[in-house]
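Structural overview for review
Take a look at the letters that make up each chain.
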Amino acid sequence: MKCRTCGGAAVLELRRHNAAFCTPDFFAFFRRQVAEAIRKHRMFSRDEEVLVAVSGGKDSLALWDVLIDEGYRTTGLYLDLGIFEYSVESRAKCDAFAASHGVPLLVSRVADEVGAPVPVIQRVTRRPPCSGCGLSKRYLMNRAALEHGFPVVATGHNLDDEAATLFGSVMHWQTESLARQSPALPSTHAKLVRRVKPLYRLSERESAAYAFLRRIDYIVDECPFAKGATSLAHKEILNRMEDAAPGAKHDFVFGFFDRARAAFETAQTAVLNECARCGAVTTGTICAFCKLADQVKRSS
Ligand code: Q46
Ligand code: ZN
């Protein structure tokens with residue numbers, strides 16, 4: 001196997017690109033894909049400071065690593081979900097990464113903000129853990145960015161994540177989710193920060209290879225709640241399709257972004273208000289986060 005760029009010995013074969021790369025040329029390929037994502041979707045400029053949401057996993061730490069390397073000004077944001085040993089370990093990975101790269105890391109604890117950690121929220125709400133968790137993460141990311149003056153939050157979602165989300169939304173024809181799924185969500189209100197996914201062009205396998213070859217110390221274990229999540233089942237189906245036809249995930253996701261998404265964007269007529277309690281953007285009177293926190297408080 002020879003490197004497509006230099007002809008030297010390759011360490012990694014990328015079937016969907018019909019290519020193989022040596023380590024330095026794979027790094028160059030990876031960084032090019034990130035740069036292309038940022039450029040194409042005008043995710044952020046060199047003057048803007050980026051808040052990078054990090055979980056301690058391979059994707060978000062690989063993203064942070066690339067952005068630092070490319071000379072962007074970044075700060076990490078770690079959201080402590082209070083999910084047993086997983087949260088303790090993942091926070092330690094983020095702390096160590098920030099310290100070794102000399103970059104700042106903000107930490108926010110769901111238990112402080114909502115009143116209870118994710119496992120308790122799950123019990124109280126009797127809903128899947130990812131529902132209260134996802135809601136809290138989106139809310140706290142946005143609030144941290146607003147409070148600290150960051151114009152944009154970057155997350156480590158990769159091509160596989162985007163394909164699984166898209167698959168899930170299509171399965172149930174969730175047209176509102178389809179309208180909202182994008183590599184870059186613009187700010188539609190003064191209190192909503194732009195959200196971007198600079199890794200959306202790269203697969204999970206590619207970000208794992210990048211993190212491994214860059215010797216990034218990341219948490220290998222998944223969140224213990226991820227196992228039951230339907231997104232994992234969708235990923236398995238998509239992996240089988242990718243095996244049968246390399247590039248299938250890419251075509252599915254890019255075809256949607258380039259040709260189909262706009263068709264779902266039409267009915268965005270919801271009026272945006274500010275939550276009477278916390279001031280966050282909501283379509284109702286009290287935002288979903290404040291309702292969740294109320295529910296947790298009532299039960300304790
Ligand atoms: S952390 Fe939270 Fe994920 Fe765990 S509880 Fe679900 S949403 S799986 S990315
Ligand atoms: Zn609120």
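In this text, all values refer to a predicted model and were calculated from it rather than measured experimentally.

Criteria and cut-off values
- Residues numbered from 1 in each chain as written.
- Chains lettered and ligands numbered in written order.
- Predicted model: local features only at pLDDT ≥ 70, side-chain atom pairs only at ≥ 80, totals over all residues.
- Heavy atoms only, no water.
- Salt bridge = Lys/Arg side-chain N within 4 Å of Asp/Glu carboxyl O.
- Helix = DSSP H or I, 4+ residues; strand = E, 2+ residues; numbered from the N terminus.
- Buried < 20%, exposed > 50% of the residue type's maximum accessible area, 1.4 Å probe, protein only.
- Phe/Tyr/Trp six-rings, centres within 6.5 Å; stacked < 30°, edge-to-face > 60°.
- Lys NZ or Arg CZ within 6 Å of the ring centre and 35° of its normal.
- Contact = heavy atoms within 4.5 Å.
- Pairing = 2+ DSSP bridges.
- Donors = N, O, S within 2.8 Å, 3.2 Å for Na, K, Ca; no water.
- Tetrahedral: all angles 85-135°; square planar, octahedral: opposite > 155°, others 65-115°.
- Right-handed = clockwise from strand over helix to strand, strands pointing away.

1. Observations concerning the pattern of salt bridges
When charged atoms on two side chains of opposite charge get close, those side chains can pair. Counted according to the given criterion, the structure contains 23 salt bridges. For E204, the salt bridge identified is with K235, shortest N-O distance 3.3 Å. Here K235 lies in helix 10 (residues 230–244) and E204 lies in helix 9 (residues 204–213), a separation of 31 residues in the sequence. Residue classification places E204 among the partly exposed positions, given a relative accessible area of 24%. Overall, the relative accessible area of 19% leaves K235 in the buried class. One salt bridge connects E265 with R261, and the closest N-O pair in it is separated by 3.3 Å.

2. Digging into the packing of aromatic side chains
With the rule as written, the count across this model stands at 14 aromatic pairs. Between F30 and Y210, the aromatic rings sit 4.2 Å apart at their centres with planes inclined by 15°, giving stacked as the arrangement. Of the two residues, F30 is situated in helix 1 (residues 23–40) and Y210 in helix 9; the sequence distance between them amounts to 180 residues. An identical accessibility class is assigned to F30 and Y210; each is buried. Considering the side-chain rings of Y200 and F254, the 5.5 Å spacing of their centres and the 25° angle between planes classify their relative orientation as stacked. With Y200 in the loop between strand 8 (194–196) and helix 9 and F254 in helix 11 (residues 248–260), the pair connects residues that are 54 residues apart, well separated along the chain. Comparing Y200 with F254, the two get one shared label, buried. Residue placement shows R46 over the ring face of Y72; its charged tip is 4.2 Å from the ring centre. Over the face of the ring belonging to F27 we find R214, whose NZ or CZ atom lies 5.7 Å from the ring centre.

3. Observations regarding the environment of A116
The residue A116 is located in the loop between helix 4 (110–114) and helix 5 (118–125) in this model. Placed 100 residues apart in sequence, A116 and I216 show a C-alpha to C-alpha distance of 31 Å. Not counting residues up to four positions away in its chain, the partners in contact with A116 are V110, A111, I121 and V296.

4. Comments concerning the sheet that holds strand 5 (residues 105–109)
Read across the sheet, 6 strands follow the order 5-4-3-6-8-7 without closing on themselves; strand pairing throughout is mixed. Of all the strands in the sheet, just strand 5 and strand 7 (184–185) have a single pairing partner and so form its edges. Judged from the 3 bridges that link them, strand 3 (residues 50–54) and strand 6 (residues 152–154) form a sheet pairing that is parallel. Across the sheet, the residue bridging to V50 is V152, located in strand 6.

5. Things to note about the coordination of the zinc ion (ligand 2)
Summarising the metal site, the zinc ion (ligand 2) is bound by the protein donors C275 (SG), C278 (SG), C287 (SG) and C290 (SG), whose distances to it range over 2.3 to 2.4 Å. Geometry at the zinc ion (ligand 2) is tetrahedral, judged from the 4 donor atoms that bind it and their angles of 106 to 113° at the metal.

6. Side note on the pairing of strand 4 (residues 74–80)
Most of strand 4 is tucked away, with 7 of its 7 residues classed as buried. Residues T74, G76, Y78 and D80 of strand 4 are buried on one face, and the alternating residues T75, L77 and L79, pointing to the opposite face, are buried as well. Where strand 3 lies against strand 4, 5 bridges are found, and the strand directions are parallel. Bridge pairing in strand 4 places V50 opposite T74. Running through helix 2 (residues 58–69), the crossover from strand 3 to the neighbouring parallel element strand 4 is right-handed. Of the pairings in the sheet, the one linking strand 4 to strand 5 comprises 5 bridges and is parallel in character. Bridging across to strand 5, L77 finds its partner in L106. Between the parallel elements strand 4 and strand 5, the chain passes through helix 3 (residues 84–101) in a crossover that is right-handed.

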